[in-house]
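# Secondary and tertiary structure notes
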Amino acid sequence: MGIPAPPPVGDTALKPGTFDGQTVFITGAGTGLGKAIASEFARLGASIVIASRKLEHRQAGEDAMKALGAEVLTVECDIRDPDAIAAAFDAAAERFGLPNVLVNNAAANFPVPAEDMSPNAWRTVVDITLNGTFFCAREFGRRHLDAGTPASIINIGATYAWTGGPGFAHSAAAKAGVKNLTESLAVEWGPSGIQVNCLVPGLMPHEDMTGDIQENLARTHGGPNKWDLCQPAMRVGERQELGWAATFLASPYGRFISGHTLVVDGANWQRRSLTNPAVVPIREQMGKPPFEM
Ligand code: NAP
């Protein structure tokens, strides 16, 4: 049986207009989960700023927000570049005023055994996922500290922040940093009215997942029709379930929640026992030949 399916996309638990007059700045909101989170804020009245590198992604995000009747601005921005982030916030402020909510959703990831990982691959993933998250939070936080205005930051994490992520050492280490950063910033900026939380999706497949990730899921979980059976909930997550959690955290009803990491994964990451399935070395899982220098 498992955990029942959620209400359909389009339902909202929060009151209509909860984010009327507010602006939400979301990185990587032209695809997948970022687009789903942006959609839930848009549905509740927020204006949306989408920051990402690729025009086709930004266009897809813009189309989705317009279809919901939301005001939307898209800005080209590589979150590894603090100057580009500052310019993106300038553009957002010019159009809507200083955004009230920042969702640090953008991240990079691909499966690779640690011994095959190049220094460049390591640097790229850490640079986007951890450094980019900090640079965006820093820009947003400084502007609110200067203005003396309250605000909310949601950093998107991953459950391997706690467990480690064999085959994803770069991303797992970066996400552990994101979780830890959330806790530091929440305390530093709480006195100035800035909430900082981390929101962690479980497996939420979507059509924008990169080929690398889709192949890895198919290899390790036996393909989409088996994914549900690998989850304690007996189903994977629906994107709107993450969007609902994000809107709650940034809403007036979630104001006293700060420094928290909320996992939306149907208890999948706690699925451990003394008799786990037999260990399959990562190279074997990924169909790689034996390692050679
Ligand atoms: P996705 O579809 O691959 O989206 C990643 C987004 O980040 C893209 O829109 C991309 O846009 C943007 N991005 C990447 N590098 C960037 C950069 N340097 N500067 C600006 N934007 C950049 O990923 P997703 O599956 O929706 O995941 C969203 C978040 O959830 C990520 O933080 C991910 O780690 C987390 N997560 C997802 C799952 C899942 O099941 N899907 C599970 C656990 C955690 P451009 O290419 O246009 O820059």
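All of these numbers come straight from a predicted model, not from anything done at the bench. Here, residues in each chain are numbered from 1, in the same order as that chain's written sequence. With the structure being a predicted model, the display of local features is reserved for residues of pLDDT at least 70 and the display and counting of side-chain atom pairs for 80 or more, all residues being used for whole-chain, interface and lining totals. Side-chain measures here rest on the full set of heavy atoms in the structure, leaving out hydrogens and waters.

### Overview of the layout of surface pockets
- Of the grid points, spaced at 1 Å and generated over the protein atoms alone, those admitting a 1.4 Å probe that cannot get out make up cavities, while open sets with protein on both sides within 12 Å along at least five of seven lines make up pockets; any residue with an atom within 4 Å of a point is treated as lining. Grid points are joined across faces, edges and corners, and a volume is the space filled by probe spheres set on the points. Size it by volume and the second largest pocket reaches roughly 200 Å³.
- Around the second largest pocket, the lining residues are Gln22, Asn100, Val101, Pro150, Ala151, Ser152, Gly193, Gln195, Ala250, Ser251, Pro252 and Arg255.
- Classification convention: Asp, Glu, Lys, Arg as charged; Ala, Val, Leu, Ile, Met, Phe, Trp, Tyr, Cys, Pro as nonpolar; all other residues, Gly among them, as polar. Residue composition of the lining of the second largest pocket, grouped by class: five nonpolar, six polar and one charged.

### Quick look at the sheet that holds strand β2 (residues 47-52)
- Pairing between strands is defined by DSSP: at least two bridges between the two strands are required. In this description a helix means any DSSP run of H or I spanning at least four residues, a strand means any run of E spanning at least two, and both kinds are numbered starting from the N terminus. Reading across the sheet, the seven strands line up as β3-β2-β1-β4-β5-β6-β7 and stay open at both edges, with parallel pairing between neighbours. The sheet is open, and its two borders are formed by β3 (72-76) and β7 (261-264), each paired with just one other strand. Averaged over all adjacent pairs, the angle separating strand axes in this sheet is 20°, with direction ignored.
- In this sheet, β7 lies alongside strand β6 (residues 194-201) in parallel orientation, the contact comprising four bridges. In this description, a line fitted to the C-alpha atoms serves as the axis of each element, helices being fitted only across the stretch in contact, and the angle between N-to-C directions of two axes falls anywhere from 0 to 180 degrees.

### Things to note about the pairing of β2
- Each residue gets one of three labels from its accessible area relative to the maximum for its type: buried under 20%, exposed over 50%, partly exposed in between, using a 1.4 Å probe on protein chains only. Counting buried positions along β2 yields six of six residues, so the element is predominantly enclosed.
- As paired elements, strand β1 (residues 23-27) and β2 share five bridges and run parallel to each other. Bridge pairing in β2 places threonine 27 opposite alanine 51.
- The crossover handedness rule: strands pointing away from the viewer, path from first strand over the helix to second strand clockwise, crossover right-handed. The parallel pair β1 and β2, bridged by helix α1 (residues 32-43), forms a crossover whose chirality is right-handed.
- Of the pairings in the sheet, the one linking β2 to β3 comprises five bridges and is parallel in character. Its bridge partner lying in β3, isoleucine 50 is registered against threonine 74.
- Of the crossover connections in this fold, the one passing from β2 over helix α2 (residues 55-67) to the parallel β3 is right-handed.

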